[in-house]
Amino acid sequence: MKTVTNIVISHGIFLAVFAFAAYALAQEDNTLPVPLPAEQSAKFKEQADTRRAEMEALQATQQEAVSNRQAEMEAKQIEQNDAAISRQAEMEAKKAEMQGKVAEQQETRITEQADRQAKMEDRQAELQDKVANRQSDMEEKRLEMQANMTERRAQLQEITQQRITNLAANMSNRMDSAIVRLQDIIDRLDSRIQKLEAAGIDTSAAKAALASSQLSVDAALAEIATIDTTVVSAISSEDARADWSTAKTKFVTIRDYLKTAHAELKASVAALKEAAVAANLNSGTSAAVRNDNAVEVTN
C-alpha cells in the first residue's frame, strides 16, 4: 500500500511540473511586447497543443498504471481474503474435528470410569465378604485359643502351685534349721556369759547384744509360725504367681531377722572376748568364741 501512495505522489508532482511549465509558456506568450506573426503563433500553439497532449497522455498512462496497480492490489487483497477465509474454514473444520475427538474421548472416559466403578464395587463387595469370613474365622480361633488358654492356665496354675509349695517348703526348712542353730548358740553363749559373770567379769555389753539377738530370733519365730498359712493362701488363689509376692515378702522379713540375729551374736561374742582379755581370762572363753562363725543364714 505504501508503494502505490509513493507512485501517486510522484505522478502528481510530475504532472504539476508539466502544468507549471505550460502555464509559464502561456504567460510568456501573453507578455510578448510585439504580436508574433500568424505562422509563428500557429507554430507555438501547435507546440503547446503537442505538449498538452503529451502531458495528458502521460497523465492517462500514469492514471492507468495507478488503476492497474490498484486493481492488482485489490486482486491480491481478494486473494488474501479468500486465503484467510479458506484458513478460517480449515481451522473451523479442525476445531470441529478436535471437538468431536474430545467428545469421543470424554465418552470413552465416562464409559471406562463406569466400568472401573463397577469393578471397584465388585471388589469392595468381595472384600467385605472376605472380611466377614475372616472375622468369623478369627472369632472361632479366638474362642478356641481362649479355651486352650483356660486349660493351659489351669495347668500352669497347678504347676506353679507345686513349684511354690516346693520352694516354700525348702525355704521354711532352711530357715527353721537356721533358727534352731542360732537358738543353740544363744543358749550356750548365755551359759558362758553367766559363768564369766560369776567369775567377776563385766559382761554387760555381751549380754545386751545377746538379748538383742534373742529378740530377732523370737521375731523370726513369730513370722515363720504363720508362713504355712500364707503359702496355702497364695497357692489356692486364681493367680498363684501374683499372690506369691505376699509370701515372698514374709520370707524376706524372716531372713532379715535372722541376719540381724547373726550380726548381734557376733557382736556379743566380740564383747565377751574383750571382757575376757581385759580380765586376763582368755582361756575361759575359747570354747564360746569358737562358735561365732557357726551361724548360717539362708537368703
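Residues numbered from 1 in each chain as written. Predicted model: local features only at pLDDT ≥ 70, side-chain atom pairs only at ≥ 80, totals over all residues. Heavy atoms only, no water.

1. Concerning the overall build of the protein
When helices and strands are counted, the protein shows six helices and zero strands. Its helices and strands in sequence order give the protein the pattern α-α-α-α-α-α, from N to C terminus. Counting all 299 residues of the protein, 21% fall into the buried class. Counting only contacts in the protein whose residues sit at least 6 apart along the sequence, the fraction spanning at least 24 positions is 82%. Carbon and sulfur atoms form 54% of the exposed surface of the protein, whose accessible area is close to 21,100 Å². (Helix = DSSP H or I, 4+ residues; strand = E, 2+ residues; numbered from the N terminus. Buried < 20%, exposed > 50% of the residue type's maximum accessible area, 1.4 Å probe, protein only. Contact = heavy atoms within 4.5 Å. Areas by Shrake-Rupley, 256 points an atom, 1.4 Å probe, with all protein chains shown as cover.)

2. Here's the deal with helix α3 (residues 204-224)
Over its 21 residues, α3 extends 30 Å from the first C-alpha to the last, a length consistent with the 30 Å expected when each residue adds 1.5 Å. Of all the residues in α3, the buried ones are A206, A209, L210, S213, Q214, S216, V217, A220 and I224. Within α3, the buried residues cover an arc of 165° as seen down the axis, which keeps them to one side. Summarising the geometry of α3, the exposed residues directed more than 90 degrees from the buried face are L215 and A222. (Expected span 1.5 Å × (residues − 1). Arc of directions from axis to C-beta.)

3. Regarding the nonpolar core
Within the largest apolar cluster, 32 residues are counted, with the highest numbers of intra-cluster contacts made by M175, L189, V231, F251, L258 and L265. Elements represented by at least two residues in this core include exactly α2 (38-198), α3, α4 (227-236) and α5 (240-278). Broken down by element, the residue count for this core peaks at 12 residues, all from α2. (Core = buried A, V, L, I, M, F, W, Y, C linked by side-chain atoms within 4.5 Å.)

4. Quick look at the pattern of salt bridges
Counted according to the given criterion, the structure contains nine salt bridges. In this structure, R52 and D49 form a salt bridge, with 2.8 Å as the shortest nitrogen-oxygen distance. One end of the pair, R52, and the other, D49, are both in helix α2, three residues apart, so they sit about a helical turn from each other. Residue classification places D49 among the partly exposed residues on the basis of a relative accessible area of 36%. (Salt bridge = Lys/Arg side-chain N within 4 Å of Asp/Glu carboxyl O.)

5. Re the environment of V277
Within the secondary structure layout, V277 lies in helix α5. Once the C-alpha coordinates of V277 and I201 are considered, the two residues, 76 residues apart in sequence, prove to be 10.0 Å apart.

6. Quick notes on the side chain of T203
Mapped onto the secondary structure, T203 falls in the loop between α2 and α3. Once residues within four sequence positions are removed from consideration, T203 is found in contact with I193, L196, E197 and L272.

7. What about α4?
Restricting attention to buried positions, one finds in α4 the residues I227, T230, V231, A234 and I235. All buried residues of α4 lie within an arc of 125° about the axis, which places them on one face of the element. Relative to its buried face, α4 has exposed residues pointing more than 90 degrees away, namely D228, T229 and S236.

8. Points about the side chain of S268
Among the structural elements, S268 can be located in helix α5. A distance of 2.8 Å separates the side chain of S268 from the backbone oxygen of A206, its partner in a polar contact. When sequence neighbours within four positions are dropped, the list of residues in contact with S268 reads L189, I193, A206, A209 and L210. (Polar contact = N/O pair within 3.5 Å; in protein donor to acceptor, adjacent residues only side chain to side chain.)

9. Observations regarding the confidence of the model for the protein
Model confidence for the protein is summarised by a mean pLDDT of 77, while 73% of its residues fall at 70 or above. Within the protein, helix α6 (residues 286-289) has the poorest average pLDDT of any element, 44, and α3 the best, 93. Segment residues 281-299: pLDDT under 50, and 36 contacts once partners within four positions in sequence are set aside and those in other chains are kept. (pLDDT = per-residue confidence, 0-100.)

10. Here we look at the environment of W244
Within the secondary structure, W244 sits in helix α5. Overall, W244 belongs to the buried group, its relative accessible area being 12%. Considering only alpha carbons, one finds W244 and I164, 80 residues apart in sequence, at a separation of 7.5 Å. Residue contacts for W244: discarding those within four places in its chain leaves I164, L167, A168, A234 and F251.

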